[in-house]
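Architecture at a glance
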Amino acid sequence: MADAFVKIVPLICGRCSQRMTAQREQVVYQCGTCGSSWELRAGLISARPVIHLSGKGALLLPFWNARFQMTCEVGNVVDLSGFLPLCGSVKQPGDKGTQPLMLNIPAFALPPHQAVKLARNMLVRFPVFGQSRAVDKPFEAVTLAESDIHTLAELIVLSAIVEKRRSNPNFLTSFSVQLYDSQLVTIPFDRDGNRYNQVDLNLEV
Amino acid sequence: MATIVFKCPLCGAPFEFTEGDHVSLCQFCGATSAIAGDTGIPRLLIPERIDLNDARAALRKLLANEGGSEFAASFNFKGGTLYFLPYWRIHGKAIGWQWSERETYSEEVDYDEKGARCTRQVKGPNERIFSLIAKPLDFASPAGDFTVFGRVRAGLAGSVLKCEVMDYPSAAARGVVVDPLKGVAQARQEALAMSLESAGAEGSIRRESRVKISSEWLSLLYYPVWSLQFARGDSMYPVVVDAVNGEVVKCHFPLEKERKCFLPLALISLILLGWTTMPVAGVAFTLLAAFIFKWQTGSLEISDIVKLLTGIPERGAGVKRG
Ligand SMILES: [Zn+2]
Ligand SMILES: [Zn+2]
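Here is what the cut-offs are and how they apply
- Residues numbered from 1 in each chain as written.
- Chains lettered and ligands numbered in written order.
- Predicted model: local features only at pLDDT ≥ 70, side-chain atom pairs only at ≥ 80, totals over all residues.
- Heavy atoms only, no water.
- Helix = DSSP H or I, 4+ residues; strand = E, 2+ residues; numbered from the N terminus.
- Rg over C-alpha atoms; globule rule 2.2 N^0.38 Å.
- Buried < 20%, exposed > 50% of the residue type's maximum accessible area, 1.4 Å probe, protein only.
- Contact = heavy atoms within 4.5 Å.
- Salt bridge = Lys/Arg side-chain N within 4 Å of Asp/Glu carboxyl O.
- Domains from an automatic or database assignment.
- Buried area = accessible area lost by both parts, 1.4 Å probe.
- Polar contact = N/O pair within 3.5 Å; in protein donor to acceptor, adjacent residues only side chain to side chain.
- Donors = N, O, S within 2.8 Å, 3.2 Å for Na, K, Ca; no water.
- Tetrahedral: all angles 85-135°; square planar, octahedral: opposite > 155°, others 65-115°.
- Axes fitted to C-alpha atoms, helices over the stretch in contact; angles between N-to-C directions.
- Parallel < 35°, antiparallel > 145°, perpendicular 65-115°, else oblique.
- Left-handed = near helix turned anticlockwise from the far one by under 90°.
- Nonpolar A, V, L, I, M, F, W, Y, C, P; charged D, E, K, R; others polar.

In this section: the overall build of chain B. When helices and strands are tallied, chain B shows 8 helices and 17 strands. Whereas a compact globule of 322 residues would reach a radius of gyration of roughly 20 Å, chain B reaches 30 Å, over 25% beyond that. The C-alpha extent of chain B, read off along each of the three principal axes, is 90 × 80 × 40 Å. Counting over 322 residues, chain B shows a buried share of 40%. By sequence separation, contacts in chain B at least 24 residues apart represent 70% of the contacts at least 6 residues apart.

Applying the stated criterion across every chain, the model contains 23 salt bridges over all chains. Among the salt bridges present, the one from R206(B) reaches E208(B), with a minimum N-O distance of 3.0 Å. One network of salt bridges, in which partners are shared, links E39(A), R41(A), R48(A) and E146(A).

Here the focus is the domain arrangement of chain A. It is common to report an interface's size as the accessible area lost on association of the parts. Residue and element names in this part refer to chain A. The assigned domain composition of chain A is domain 1 (1-48) and domain 2 (49-204). Between the C-alpha centres of domain 1 and domain 2 the distance comes to 27 Å. Taken together, the contact pairs 13 residues of domain 1 with 15 residues of domain 2. Carbon and sulfur atoms make up 54% of the area that domain 1 and domain 2 hide from each other, which totals about 1000 Å². The three residues of domain 1 that bury the most area against domain 2 are V27, Q30 and R48, which together make up 53% of that side's buried surface. Put simply, R48 and E146 hold a salt bridge, and the shortest N to O gap is 2.6 Å. Taken together, the connections running from domain 1 to domain 2 amount to 6 residue pairs in polar contact (both at pLDDT 80 or more).

Residue and element names in this part refer to chain B. At 2.3 Å from the zinc ion (ligand 2) lie its protein donor atoms, namely C8 (SG), C11 (SG), C26 (SG) and C29 (SG). Of note is the zinc ion (ligand 2), whose 4 donor atoms meet at the metal with angles of 106 to 112° in an arrangement that counts as tetrahedral. Look at where the donors of the zinc ion (ligand 2) fall in the sequence and you get C-x2-C-x14-C-x2-C. Of this pair, C8 sits in the loop between β1 (3-7) and β2 (14-18) while C29 is found in the loop between β3 (23-25) and β4 (32-35), placing the two residues 21 residues apart along the sequence. Judged by relative accessible area, C8 falls into the buried class, the value being 4%.

In this section: the packing of helix α2 (residues 112-124) of chain A against helix α3 (residues 149-160) of chain A. All names here are of chain A. Look at α2 against α3: their axes get within 9 Å of each other, and the N-to-C directions meet at 60°. By the criterion of interaxial angle, the relationship of α2 to α3 is oblique. Remark: the crossing between α2 and α3 carries right-handed chirality. In this structure, α2 contributes V116, A119, R120, L123 and V124 to the contact, and α3 contributes L152, L155, I156, V157, S159 and A160. In terms of residue class, the contact of α2 with α3 is made up of 9 nonpolar, 1 polar and 1 charged.

Residues and elements named next belong to chain A. For the zinc ion (ligand 1), every protein donor is listed as C13 (SG), C16 (SG), C31 (SG) and C34 (SG), and the spread of their distances is 2.2 to 2.3 Å. Coordination geometry of the zinc ion (ligand 1): the 4 donor atoms subtend angles of 103 to 120° at the metal centre, consistent with an arrangement described as tetrahedral. Counting residues between consecutive donors of the zinc ion (ligand 1) along the chain gives the motif C-x2-C-x14-C-x2-C. When its relative accessible area of 2% is taken as the criterion, C13 is described as buried. Exposure remark for C16: the relative accessible area of 25% places this residue in the partly exposed category.

Attention now goes to the interface of chain B and chain A. At the interface, 42 residues of chain B touch 44 residues of chain A. For the chain B and chain A pair, buried surface summed over both sides reaches about 3800 Å², with 61% attributable to carbon and sulfur atoms. Seen at the junction of chain B and chain A, the total is 2 salt bridges. Of the charged contacts in the structure, one is a salt bridge between R24(A) and D21(B), with a shortest N-O distance of 3.1 Å.

This is the structure:
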């Protein structure tokens, strides 16, 4: 009966010992007093570092940022120069060609279809963000746990490879994505009614 | 969605979690607490609401209502045991993709030699569809084969009733905590298969898919049932009573029982006599015995022969559930 117990953990900030509040589906908890971020790991409140990326916009949306490689029937794809032709893109990666592939998976509450679309648009635009010097700024609630990003990552990469995913079932069955060095980042967006937009990337959700 | 009653870790007051939520607020002290999802599988329990006497009374009432008080009185209560049956509950999202290929046909208008108009089917290019699957998952399934307990509606009950975290020593002191026989991997597969079933790939000639469970909220929910024993003469009659709502889930009490000792004995003697005399007589007497059996009982089914030989022929439907 080793797995018989359930652990309920009060949300108390590990830095300033103040109580934290959170929404029902939230998996990362931000202290309203000191701004530090926490999550549950193996039943303990543990620090969760958050990196704020710089850009235009007042609303910080959280994303799981990770490097990735993909495997399919033609072998391993590790950089943009290998990935763009699969997407049927005529864009030239230029000096970004040898850069590792990067995913930004929406970590805030967004229906899966929209999350996939947003992340796909970011993937094919291969944005490069600077890092903001700000720390502990308030951001939107994180509802996607790090342990759940892989399934979504595969869908996002697939959604960028339009022709092959439709016409070639062998490509699909041999397809897989490996993620590395995932981290929680925030990207600034502007809110316009029910929509979020990112001016630098010309993105809208 | 199930509601699970925990104790607030700060003030000890009962507070409720809704299945699928990570965080809940204590109504008493206002503290927010989170449920640790990676420390193991929560074992939850729906506590029994009726005791052994209530279960026994529920059965007596059913017997009296459907068979009359004399019939009810002909069965003696021999005892009962409380069982906690495990059910897997999986809550989350089924996320992945599905690819399917199907043939397409179109109708083409044509004219024959006489100039009469006719249509014919023309095969078009195959249609290939890739679709994203994202569906909410709310799955409950018995963690073993509990058909001996009849149709207990525990999976459904978990969505309506309040569950508590199982206190194993306390539950084991009240009844038998049944171990799950079906693993969680199989339960997950069943849940995913169900989500694919409704994903609409009917009529396809090839289909590929990869679906996984995301935001999973997994628990093992134990549901209480009473297993009672009744006797009439030297026959035992098992009964299963739902220990939450008192419904008799499974029983079979035949109206009357009659033993025909003469017929089986006579038939066996006849066959034995034949075979000990000579093979031809053995074959002839066996055929004769079969004929008498068919004439007497109107059947030559093996199960009926076994019933007759073991002395369990019973007539009348009596009171039956499950
Ligand atoms: Zn704090
Ligand atoms: Zn409390």
